[in-house]
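Breakdown of the fold
Single-letter residue listing:
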Amino acid sequence: MIVQSKFKLSICLIWGLCAWGCLASDPVLDPAGKVDSKDAVAHNGQVTSAPLTIDPSILTKRTFGEAPMLAQKVSEDALPPVSERLPENPLVVVPLDEIGRYGGTIKRALTGDIVQTPGVSKTLGENLMGYERPLPKSILYNLAESHEFLDDGKVAIFKIRKGIKWSDGVPFTVDDILFWYHDMTVNPDARANPLFPSAWLVEGKPIEMEKVDDHTLRFRSHKPLGRILGILSTDMIAFPKHAYAQYHPKYNPKSSYEALRDSTTRAQTLFKPGTPSLSAWVPVEWTRGQRLIYERNPYYFKVDSAGNQLPYADRLVFNVIQDAQVILLRFMNGELDLLGRYAQINMFATLKSEERHGQFKVHLGTPVPVSTLRLNWDAPRLELRQAFRDKRVRVALSHAINREELSQILYHGLLEPASHSFGPASQYYSEEASQTYAAYDPDKSRRLLDDAGLLDTDGDGIRELSNGSPFVITIDVIPSMGVDICQLVSDYWKAVGVSVHLNIALRDILFPKWSGGTFEVFWWWGWSDDPVVNRQDWGIMGPNQPVWHRNADKEGPEWLLEATRLLDEVGTTVDPVKVQANMARVRDLHAENTPLIIPGFAYHVWGASTRLGNVPEKSTTADGYRGWSRPVYHEQLYVKEKK
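Here goes a summary of the coordinates provided. (Residues numbered from 1 in each chain as written. Predicted model: local features only at pLDDT ≥ 70, side-chain atom pairs only at ≥ 80, totals over all residues. Heavy atoms only, no water.)

Of the regular secondary structure elements, the protein chain holds 22 helices and 26 strands. Principal-axis analysis of the C-alpha atoms places the extent of the protein chain at approximately 85 × 60 × 50 Å. Across the protein chain, every contact between residues at least 6 apart in sequence was considered, and the portion connecting residues at least 24 apart equals 71%. With an accessible surface of roughly 24,700 Å², the protein chain has 51% of that area assigned to carbon and sulfur atoms. In the protein chain, 71 positive and 78 negative side-chain charges are present, and the distance between their average locations comes to 3 Å. (Helix = DSSP H or I, 4+ residues; strand = E, 2+ residues; numbered from the N terminus. Contact = heavy atoms within 4.5 Å. Areas by Shrake-Rupley, 256 points an atom, 1.4 Å probe, with all protein chains shown as cover. Lys, Arg positive; Asp, Glu negative; His and termini not counted. Charge placed at Lys NZ, Arg CZ, Asp CG, Glu CD.)

Okay, structure coming up:
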């Protein structure tokens, strides 16, 4: 059975689960060289003056525009003409507001370089597919230009655009993808992580990947490849073989796997000047602990709807600034163009106050789960472990939190009270499910704790655990707004007889406790909206997963085992009806059993300098869709002329 996929894919099937007839047609071109106007206007209500279709003569005659800095190199015979640098079928982007202008530098900040690689990878990453931006309402073609499913979805074939080149001018082919997969990922000696990435496993078996020709890639599995489109919408899945084969013992017997791993760390592949890239900008300077400078990729495969090669900006600079408050000040002073990755809700009042001066504009991302209180179902203290596994205790802890008050005090009213469930960005979101245990009801909380046998027998105001010790919880929290939140939670829980100790420490100290399962309660900024990418948060997807219940594969509970079975079925079906039913059930199981506790869904505050054009009016910060950075759509931002 052959199914051609050239249809609209709604976010409800963002995993790629309705691959039988739901994928958006190439947002670039139909066979006649036109942009589908429905796709072109899909900027979530943002009106653009840019052409909604590209003039077919630009494509046939290949009369593309290019940046002056590249045109100069062409005139000096240092670069081929732009018509030769672009692929046969370039990806056409309709700018959010208007056709931009070339030149200038986009300035951002990172709190670190080596430890903050996601801030760069989420900005620059390219894959075969990609989530629609700025809101992920669909999955669109990116490096790929078409795909089809065979054998009832057990085989998927993708065609990549002919003529795409790495930033050094070397052709990009399927061999680069297979080098990343077979030589760098499947090979346990080559990959940095000892665990094989779960995204590429179907019922514990790796997805097969093979070359059909230089521009055709075939995936195979023993079950339908229900998640493949979502997998291909995250980070890049190719390494420049011509650059890295020299470090691989398979191709260079004089090398070693240690040398290979050292040369292909996340930081090296993203930051090292001269590294071939498919991204809009390539690294040209890395001053460790201080600055990263990127310049435009002369071979970038995207053009705007007027035929101008992207990106618009000549440079993208990341300044390393360790303190988020200093980042805020430098943004307000006009030294940074974007404030997003490290923006915090407690910055909102200050930003709004300064916004009136006209140097920047404040934006709000779609609501996402925030301030997760991650209970450890395998806490080192057995009596606390027993309490956390009692649903009555978890429900009591949730009802004890005054979410409305917390929203007003710490979130400026920008928190929508909710309990643990899928977030609003998910197609499977249910407001009813999200309110399951969200109501502030301390009397009910006390009754539930009484029913669980956790009583205050000595009258000191603190209940006792099963072994008679005080019901005291330690919350690990980094020095940030989380401390304020946890202090309020401490007051709420103490009011129902549960004492809280805050262990405030740097993330480098606390994260080993989280990853090693030695914490009691771990506070963190947020949680995944739904099982789009981070399935391990919502089911038992491998050893020690989920991290909040590392022994779940041996000990259950039954509801989590059921959720895992449903998620596994979702990953191996292309039946949209089954997907919808399974995901709704997973959502309801989590909402009903509330394994974690959140105060609700908060709007993410971020800002952009008014000197930038094509800034999205709406965006999401959900990590499953690449966080805040990717939806900002950096390659079509431009620096306005100085007035």
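The next point concerns unusual backbone geometry. Excluding glycine, a negative phi dihedral is what most residues carry, and trans is how most peptide bonds are arranged. Following Leu-310, the chain continues into Pro-311 via a peptide bond in cis, with omega recorded as 5°. Secondary-structure assignment places Pro-311 in the loop between strand E14 (302-304) and strand E15 (315-320). Note the cis peptide between Gln-545 and Pro-546, where omega equals 0°. Tracing the backbone through its elements, the reader meets Pro-546 in the loop between strand E22 (521-526) and helix H20 (552-555). Located in the positive-phi region is Arg-626, a residue other than glycine, with phi close to 85°. Turning to its location among the elements, Arg-626 is positioned in the loop between strand E25 (612-613) and strand E26 (638-639). Arg-626 gets classed as buried once you look at its relative accessible area, which sits at 10%. (Buried < 20%, exposed > 50% of the residue type's maximum accessible area, 1.4 Å probe, protein only.)

Attention now moves to helix H22 (residues 576-593). Compared with the 26 Å implied by 1.5 Å per residue over 18 residues, the 26 Å span of H22 between its first and last C-alpha is a close match. Buried positions along H22 lie against helix H14 (391-399), helix H16 (431-434) and helix H21 (558-570). Capping the start of H22 is the job of one residue whose side-chain oxygen sits 3.0 Å from the backbone nitrogen of Val-577: Asp-575. Count one or two residues on from H22 and you reach Thr-594, which has phi positive near 30°. (Expected span 1.5 Å × (residues − 1). Polar contact = N/O pair within 3.5 Å; in protein donor to acceptor, adjacent residues only side chain to side chain.)

Strand order in this open sheet of 6 strands is E19-E23-E18-E22-E20-E21, and the pairing throughout is mixed. Strand pairing shows two members of the sheet lacking a second neighbour, strand E19 (415-417) and strand E21 (499-504), which therefore form its edges. Averaged over neighbouring strand pairs, the angle between their axes works out to 25° when direction is ignored. Pairing analysis gives 5 bridges linking strand E18 (residues 368-375) to E22, with the strands arranged antiparallel. Across the sheet, residue Arg-374 finds its bridge partner in E22, namely Phe-522. Its contacts with the sheet put helix H19 (residues 507-516) on E18, strand E20 (472-477), E21 and E22, and the angle it makes with E22 is roughly 115°. (Pairing = 2+ DSSP bridges. Axes fitted to C-alpha atoms, helices over the stretch in contact; angles between N-to-C directions.)

We now examine the sheet that holds strand E13 (residues 291-296). Taken in spatial order, the 4 strands line up as E3-E15-E13-E12 in an open sheet, and their pairing is mixed. For this open sheet the edge positions go to strand E3 (105-110) and strand E12 (281-287), each flanked by a neighbour on one side alone. Between one strand axis and the next, the sheet turns by 20° as a mean value, whatever way the strands run. The sheet contact formed by E12 and E13 spans 6 bridges and is antiparallel. Opposite Val-282, over in E13, you have Glu-295 as the bridge partner.

This part covers the packing of aromatic side chains. One pass over the structure, following the stated rule, counts 31 aromatic pairs. Centre to centre, the rings of Trp-514 and Phe-522 are 5.3 Å apart; their planes meet at 35°, and the pair counts as tilted. There is no split in this pair, since Trp-514 and Phe-522 are both buried. By way of ring pairs, the aromatic residues Phe-511, Trp-514, Phe-519, Phe-522, Trp-523, Trp-524 and Trp-525 are connected into one cluster. Note that Arg-133 overlies the ring of Tyr-633, its terminal NZ or CZ placed 3.7 Å from the centroid. The aromatic ring of Phe-511 is capped on one face by Arg-507, whose charged end is 5.2 Å from the ring centroid. (Phe/Tyr/Trp six-rings, centres within 6.5 Å; stacked < 30°, edge-to-face > 60°. Lys NZ or Arg CZ within 6 Å of the ring centre and 35° of its normal.)

This next bit is on the pattern of salt bridges. When the charged atoms of two side chains lie near each other, side chains of opposite charge can form a pair. Scanning all chains against the criterion turns up 31 salt bridges. Across the pair Arg-220 and Glu-210 runs a salt bridge, and its minimum N-O distance is 2.6 Å. On the criterion of sequence distance, the pair formed by Arg-220 in strand E11 (residues 216-220) and Glu-210 in strand E10 (residues 208-213) is long-range, its members being 10 residues apart. In this structure, Arg-381 and Glu-383 form a salt bridge, with 4.0 Å as the shortest nitrogen-oxygen distance. A relative accessible area of 25% means that Arg-381 is categorised as partly exposed. Judged by relative accessible area, Glu-383 falls into the buried class, the value being 15%. Each of Glu-126, Arg-133, Lys-302, Arg-630 and Glu-635 takes part in a single network of salt bridges with overlapping partners. (Salt bridge = Lys/Arg side-chain N within 4 Å of Asp/Glu carboxyl O.)

Looking at the element boundaries, Asp-304 is found in strand E14. Sequence separation between Asp-304 and Phe-179 is 125 residues, and the spatial gap between their C-alpha atoms is 31 Å.

The analysis is restricted to geometry; functional conclusions fall outside its scope.
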